[in-house]
Amino acid sequence: QTVNNILIEDIPSAYIELTPATKKGLTVISTCDYGQLAKLMDTYKIGVIKNSEGKPMVFNGSTGLLNFFESKGFEFVSRYPSATGGYTYLLKKSN
């Protein structure tokens, strides 16, 4: 699983932000912001969490998303309202 072709475990940042978007019912696709640079026109493509086939990963709700990142070495710090509705989650790398 990758973000911008970087393995999630290897993200070069102490903190990340996850912004899930509901796809259908409780399933979500999320973006991951770790401070990477993006052109304005690529903003919605940059940071998409992809599976081993390069397809966007689908999670069973925000809890599924958070549990997945916990298994990859991140821990929940806080959440706050996102500009698009819903919440953005702040996580940090575990030591």
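Residues numbered from 1 in each chain as written. Predicted model: local features only at pLDDT ≥ 70, side-chain atom pairs only at ≥ 80, totals over all residues. Heavy atoms only, no water.

As a further point, take the overall build of the protein. Looking only at helices and strands, the protein has one helix and eight strands in total. Written out in order from the N terminus, the α and β elements of the protein read β-β-β-β-β-β-α-β-β. Each of the 95 residues in the protein was classed as buried or not, and the buried ones make up 29%. Of all intrachain contacts in the protein linking residues separated by at least 6 positions in sequence, the fraction that spans at least 24 positions is 48%. (Helix = DSSP H or I, 4+ residues; strand = E, 2+ residues; numbered from the N terminus. Buried < 20%, exposed > 50% of the residue type's maximum accessible area, 1.4 Å probe, protein only. Contact = heavy atoms within 4.5 Å.)

Let us look at the nonpolar core. Grouped together as the largest cluster of nonpolar side chains are 17 residues, with contacts concentrated most on Ile8, Ile11, Ile16, Leu18, Cys32, Ile49 and Phe69. For this core, the elements supplying multiple residues, two or more each, are strand S3 (15–24), strand S4 (27–33), helix H1 (61–71) and strand S8 (87–93). The element that contributes the greatest number of residues to this core is H1, accounting for three residues. For Ile16, the residues in contact, after removing those within four places along its chain, are Ile11, Cys32, Asp33, Tyr34, Phe69, Phe74, Tyr89, Leu90 and Leu91. (Core = buried A, V, L, I, M, F, W, Y, C linked by side-chain atoms within 4.5 Å.)

Taken as a whole and assessed by the stated rule, the structure comprises one salt bridge. Glu9 is the salt-bridge partner of Lys72, the closest N and O atoms lying 3.7 Å from each other. Of the two residues, Lys72 is situated in the loop between H1 and strand S7 (74–81) and Glu9 in the loop between strand S2 (6–7) and S3; the sequence distance between them amounts to 63 residues. Accessibility expressed as a relative area gives 40% for Glu9, which makes it partly exposed. (Salt bridge = Lys/Arg side-chain N within 4 Å of Asp/Glu carboxyl O.)

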